[in-house]
Amino acid sequence: MTRQNRFGLAQSIPPVTQNLIIINALCWLATLVLPKFGIDLIDWLGLHFPGTKGFKLHQLITYMFMHDTGSFGHIFFNMFAVFMFGRILEVTWGAKRFLTFYLVTGIGAALVQELTWLYQIHSLAVANGISISQQIAMDPGVSALVTIGASGAVFGILLAFGMLFPNAPLYLMFIPIPIKAKYFVIGYGLIELFMGVSNFSNDNVAHFAHLGGMLFGFFLILYWKKKNRDHGQFFY
C-alpha cells in the first residue's frame, strides 16, 4: 500500500507531460552544474539570433528546454503550468497530438520573437544607413540576444485550455473569486501585448514570444478542428 501511494502521483501524470517536466528539470540542473566544467549549455542550446555565429538550427527546439538558473521561479512556474493544464490536454487529445502542439507552439513562439528582433535590428540599420547584415556584424548586442524558456509553449497550453474548456473556473492567488478560463486567457494575452508594445526598460521577458505561442496554438487548434470536424471530442 505504501509503495502504491508513493508512486501514485507520478502514475497519475500522463507520459508526455511527465517526460517534459523531467527533461526540463534535468536540463536546468545540467545548466547549473556544467559551467563548473567549462560547458555553457545555454550558449549551445539557447536560441541565438539568426546570422550570428552562435545560431544553430537545432536551437529552435532546444531553447524551450533551457531556463534561467538565476531564478528558480522561471522553471517552476512554467513546469507547474505544464503539470496543471498540460496533463488535461494530453488526456483530451492523446500523447502524439499534445506533443505536436507543445513543439509547434514553442517553435512558433521562437519565430515570432526572432521576427520582433529582426524588426528592431532593421530599424537600427535604417537609422545608421547600413544593411541588416552590417548591423548584425557590427553590433555586439545582437550576438548577445539569446532566448530561453518554455513560456511560449506554456502560453500555447493556456490558450488551448481556454479554448477547449472556456467556462472552467480558475482560482488565482490573492483573488477570492473564480475566473473563467476564457477570460483569464484573454486577459493574459492583452497584458502580454501591452508589455511587449510598451517595451519597458530592464524588462528582459520575451512577451512577443508568449503571444507567438498563443497565436500558433490558436491556428493549430482551428486547423485540427476543421480537419476533425466529425470528431468533436477534441473541442468540447
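Residues numbered from 1 in each chain as written. Predicted model: local features only at pLDDT ≥ 70, side-chain atom pairs only at ≥ 80, totals over all residues. Heavy atoms only, no water.

S.K.: So, the packing of aromatic side chains: which residues are in play, and what are the values?
M.R.: Scanning the model with the defined rule gives 11 aromatic pairs in all. Seen in terms of ring centroids, Trp 93 and Phe 101 are 4.9 Å apart; in terms of plane orientation they differ by 50°. Their pairing is tilted. Phe 101 gets classed as buried once you look at its relative accessible area, which sits at 0%. Members of the aromatic cluster, joined through ring pairs, are Trp 28, Phe 72, Phe 76, Phe 77 and Phe 80. The ring of Phe 83 carries Arg 87 above its face, with NZ or CZ at 4.2 Å from the centroid. Of note, Arg 97 hangs over the ring of Trp 224, and the distance from its end group to the ring centre comes to 4.5 Å. (Phe/Tyr/Trp six-rings, centres within 6.5 Å; stacked < 30°, edge-to-face > 60°. Buried < 20%, exposed > 50% of the residue type's maximum accessible area, 1.4 Å probe, protein only. Lys NZ or Arg CZ within 6 Å of the ring centre and 35° of its normal.)

S.K.: Please provide a residue-by-residue account of the layout of surface pockets, values included.
M.R.: Taken as a whole, the second largest pocket encloses approximately 230 Å³ of empty space. Taken together, Ile 13, Gln 18, Ile 21, Ile 22, Ala 25, Trp 28, Phe 72, Ile 75, Phe 76, Met 79, Phe 80 and Phe 83 form the lining of the second largest pocket. Listed by contribution, the elements that provide at least two residues to the lining of the second largest pocket are α3 (15-33) and α6 (72-93). The element contributing the most residues to the lining of the second largest pocket is α6, with six residues. Residue classes in the lining of the second largest pocket are distributed as 11 nonpolar, one polar and no charged. (1 Å grid on protein atoms, 1.4 Å probe; cavity = no way out; pocket = protein on both sides within 12 Å on 5 of 7 lines; lining within 4 Å. Points joined across faces, edges and corners; volume = space filled by probe spheres on them. Helix = DSSP H or I, 4+ residues; strand = E, 2+ residues; numbered from the N terminus. Nonpolar A, V, L, I, M, F, W, Y, C, P; charged D, E, K, R; others polar.)

S.K.: Kindly report on the nonpolar core, identifying the contributing residues and their values.
M.R.: In terms of nonpolar packing, the biggest core is built from 44 residues, with Trp 93 and Tyr 102 touching the most fellow members. Listing elements by their share of this core, those giving two or more residues are α3, α4 (41-45), α6, α7 (95-128), α10 (151-164), α11 (181-198) and α12 (207-227). Counting residues per element, this core draws most heavily on α10, which supplies nine residues. Look past the residues within four positions of Tyr 102 in its chain and what remains in contact with it is Leu 20, Asn 24, Met 64, Met 79, Val 82, Ala 150, Ala 153 and Ile 157. With five residues, the next largest nonpolar core counts Phe 49, Trp 117, Ile 136 and Val 142 among its residues. (Core = buried A, V, L, I, M, F, W, Y, C linked by side-chain atoms within 4.5 Å. Contact = heavy atoms within 4.5 Å.)

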